[in-house]
Amino acid sequence: MRIIVFQGQSQYDVLRDLSRLTAEGFREWGHEVFLCDMKIWNNTDYLDLVRDFKPDFTIGNNPVCYFYNDRLHYEVTGVPHLVRIGDSPYYHIKDRSLRDPDHPLVHSLVSETTFHQQMDEIGVSNYTRVKSFCASNVFGESPQSYRPYPIVFFGSISSPDEIIDSVRKNFTGQLQKLILEFMTIIPEWMDDNQIFLPQPINQVFANFINMEKLIAPETRVDFIKKVYPFIDRYYRNYTRSRALERFAQSGLPMFVFGNDYTRAMLGKYQNVRVLPPVPYRECLEIYAKSKFVLNITPMFFYAHERVSQSMMNGAVLCSSLMPDLIEEIPELLEAAVFYTWGNIGEVTEVVGQLLNNESQRLELAERGQQLAKQYFTPRAYTGEVLNTYHNIFKAKESW
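Residues numbered from 1 in each chain as written. Predicted model: local features only at pLDDT ≥ 70, side-chain atom pairs only at ≥ 80, totals over all residues. Heavy atoms only, no water.

Moving on, we get to the sheet that holds strand E10 (residues 254-257). Ordered in space as E11-E10-E9-E12-E13-E14, the six strands form an open sheet in which the pairing is parallel. Looking along the sheet, the strands with just one partner apiece sit at the ends: strand E11 (272-275) and strand E14 (337-339). Averaged over neighbouring strand pairs, the angle between their axes works out to 20° when direction is ignored. Direction of pairing for E10 relative to E11: parallel, over a ladder of four bridges. (Pairing = 2+ DSSP bridges. Helix = DSSP H or I, 4+ residues; strand = E, 2+ residues; numbered from the N terminus. Axes fitted to C-alpha atoms, helices over the stretch in contact; angles between N-to-C directions.)

What follows is the structure, given as structure tokens:
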């Protein structure tokens, strides 16, 4: 079989690296793959590639595509296209290759369980849940016992106050009031309940405003698409900034790779070194030289690349709770450290103890790496993708 993997022009190196890993995974199954770097190959080139290479299907991360006037690449070529959705469908549905997400030649791949729920809410039927996701050991099987980075965190942060200001600029009247009130209640709710939000942020917001009574059914999806970027960014950045500061306050030695806002927020802590962001490949190399990788993604319940990549590269994962992933792989509770909103202080004590007990830390890291090799390899991920292709598109050919 022949497959074209789109490598998009994303500002995020992680997506381009994921395309490379995906191509490697297909090759492990014995298929011929062309990694189509969209920074190099334009839409005219692409038609030549399809004519000469004759792919069975194409795949891209998020809705990258080629346009031909108002037609999409799969409409012109007739080649089935798979779309791996790496962020909320509210950001991507009706966009580019997902302009018509139920087009017979397009099919979405969803790992994160909350995105699965959102696809149902939006009314998309052409999608499949893919449980695996790609990770690779950046140094191969070379041992990396020397790990000079005690705890690392990667990720830039926006000021929650600036996001509140953007709501004031972009909304008026009763809707502005509801969004601002909702943003006020999120921290209060987490402080009262001592946990992160137990539902996707759009569902929490819909319940808060009593959307079933307030918004007509035919306009609810467009309404949430309009509001979602603001409430999602606020929750992401509020939890990330507050959780990161709590870890800093613990006195644990940390290396944080982030933006100017992160530097201003953490600059007063002598135990924290704040450094500029680095390319994704360098990020993975630092994972492989770190004892702990800190992950703060409470909006994800199942899948985030930092989870798989940190464990695959031999660091101990310290992550916000991933309830659906733990339900799928219960052994993770014995291979990583998880926290929620109310027990960060206790978890920092556990991390401190493990930093001082190398044998226990190494045991935890080894368990995590073994689980990553079992569940998070390019081969495992692409195996699920291949099954989806055969189940969806090859089955249609036999109808």
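Here the focus is the state of the cysteines. Scanning all chains against the criterion turns up zero disulfides. Cys 36 takes part in no disulfide bond, and the closest cysteine sulfur, belonging to Cys 65, lies 12 Å away. Judged by its relative accessible area of 0%, Cys 36 falls in the buried class. Unpaired in this structure, Cys 318 has its nearest cysteine sulfur neighbour in Cys 283, at a distance of 16 Å. (Disulfide = S-S within 2.5 Å. Buried < 20%, exposed > 50% of the residue type's maximum accessible area, 1.4 Å probe, protein only.)

Here we take up the pattern of salt bridges. Following the criterion strictly, the structure yields 16 salt bridges and no others. If you follow the salt bridges from partner to partner, you end up with Asp 17, Arg 20 and Glu 24 in one network. (Salt bridge = Lys/Arg side-chain N within 4 Å of Asp/Glu carboxyl O.)

This next bit is on the side chain of Thr 262. Relative to the elements of secondary structure, Thr 262 occurs in helix H11 (residues 260-266). Its relative accessible area of 0% is what places Thr 262 among the buried residues. Beyond its immediate chain neighbours, meaning those up to four positions away, Thr 262 contacts Gly 155, Ser 156, Ile 157, Leu 244, Val 256 and Val 274. (Contact = heavy atoms within 4.5 Å.)

Our next topic: the side chain of Gln 7. For Gln 7, the location among the structural elements is in strand E1 (residues 2-7). Overall, the relative accessible area of 10% leaves Gln 7 in the buried class. A polar contact of 3.0 Å, which involves the side chain of Gln 7, links it to the backbone oxygen of Arg 16. When residues no more than four places from it in sequence are discounted, the contact partners of Gln 7 are Arg 16, Ser 19, Arg 20, Leu 35, Cys 36, Asp 37 and Met 38. (Polar contact = N/O pair within 3.5 Å; in protein donor to acceptor, adjacent residues only side chain to side chain.)

So, on to the nonpolar core. Grouped together as the largest cluster of nonpolar side chains are 96 residues, with contacts concentrated most on Leu 244 and Leu 294. A total of 13 residues in this core trace back to one element, the largest contributor, which is helix H10 (residues 220-249). Beyond its immediate chain neighbours, meaning those up to four positions away, Leu 294 contacts Ile 151, Val 152, Phe 153, Leu 244, Phe 247, Met 254, Arg 306, Cys 318 and Tyr 339. Grouped together as the second largest cluster of nonpolar side chains are 18 residues, Ile 3, Leu 21, Ile 59 and Val 385 included. (Core = buried A, V, L, I, M, F, W, Y, C linked by side-chain atoms within 4.5 Å.)

Before going further, it helps to spend a moment on the sheet that holds E1. The parallel open sheet is built from six strands, whose spatial order is E2-E1-E3-E6-E7-E8. Edge strands, defined here as strands with exactly one partner in the open sheet, are strand E2 (32-37) and strand E8 (127-129). Direction aside, neighbouring strands of the sheet carry axes that sit 25° apart on average. Alignment of strand E7 (residues 106-110) against E8, held across three bridges, turns out to be parallel.

Counted under the stated rule, the structure contains one cavity of 30 Å³ or more. One number sums up the size of the largest cavity: a volume of about 70 Å³. Lining the largest cavity are Thr 114, Phe 115, Gln 118, Pro 200, Ile 201, Tyr 228, Asp 232, Arg 236, Met 299 and Phe 300. Counting residues per element, the ones that place at least two in the lining of the largest cavity are helix H5 (113-122) and H10. (1 Å grid on protein atoms, 1.4 Å probe; cavity = no way out; pocket = protein on both sides within 12 Å on 5 of 7 lines; lining within 4 Å. Points joined across faces, edges and corners; volume = space filled by probe spheres on them.)

In this section: unusual backbone geometry. Even without being glycine, Asn 69 reaches a positive phi, approximately 55°. Structurally, the position occupied by Asn 69 is in the loop between strand E4 (67-68) and strand E5 (71-72).

Turning next to the packing of helix H8 (residues 201-208) against H10. Closest axis-to-axis distance for the H8/H10 pair is 9 Å, and the angle between their directions is 110°. Considering their axes alone, H8 and H10 lie roughly perpendicular with respect to each other. For the pair H8 and H10, the crossing hand works out as right-handed. In this structure, H8 uses Ile 201, Asn 202 and Phe 205 to contact H10, whose residues at the interface are Phe 223, Ile 224, Val 227, Tyr 228, Ile 231, Asp 232 and Tyr 235. Among the residues forming the contact of H8 with H10, the class breakdown is eight nonpolar, one polar and one charged. (Parallel < 35°, antiparallel > 145°, perpendicular 65-115°, else oblique. Left-handed = near helix turned anticlockwise from the far one by under 90°. Nonpolar A, V, L, I, M, F, W, Y, C, P; charged D, E, K, R; others polar.)

What follows deals with the packing of aromatic side chains. Going through the model one piece at a time under the given rule, you end up with 26 aromatic pairs. Note on Tyr 91 and Tyr 228: the rings are 5.3 Å apart at their centroids and 75° apart in plane angle, and the pair reads as edge-to-face. Here Tyr 91, found in helix H4 (residues 89-92), pairs with Tyr 228, found in helix H10; they are 137 residues apart in sequence, far enough to count as distant. An aromatic cluster of at least three residues, connected via ring pairs, comprises Phe 196, Tyr 234, Tyr 238, Phe 247, Tyr 339 and Trp 341. The side chain of Arg 129 reaches across the aromatic face of Tyr 302, ending 4.4 Å from its centre. Here Arg 379 stacks its cationic end above the ring of Trp 29, 3.8 Å away from the centre of that ring. (Phe/Tyr/Trp six-rings, centres within 6.5 Å; stacked < 30°, edge-to-face > 60°. Lys NZ or Arg CZ within 6 Å of the ring centre and 35° of its normal.)

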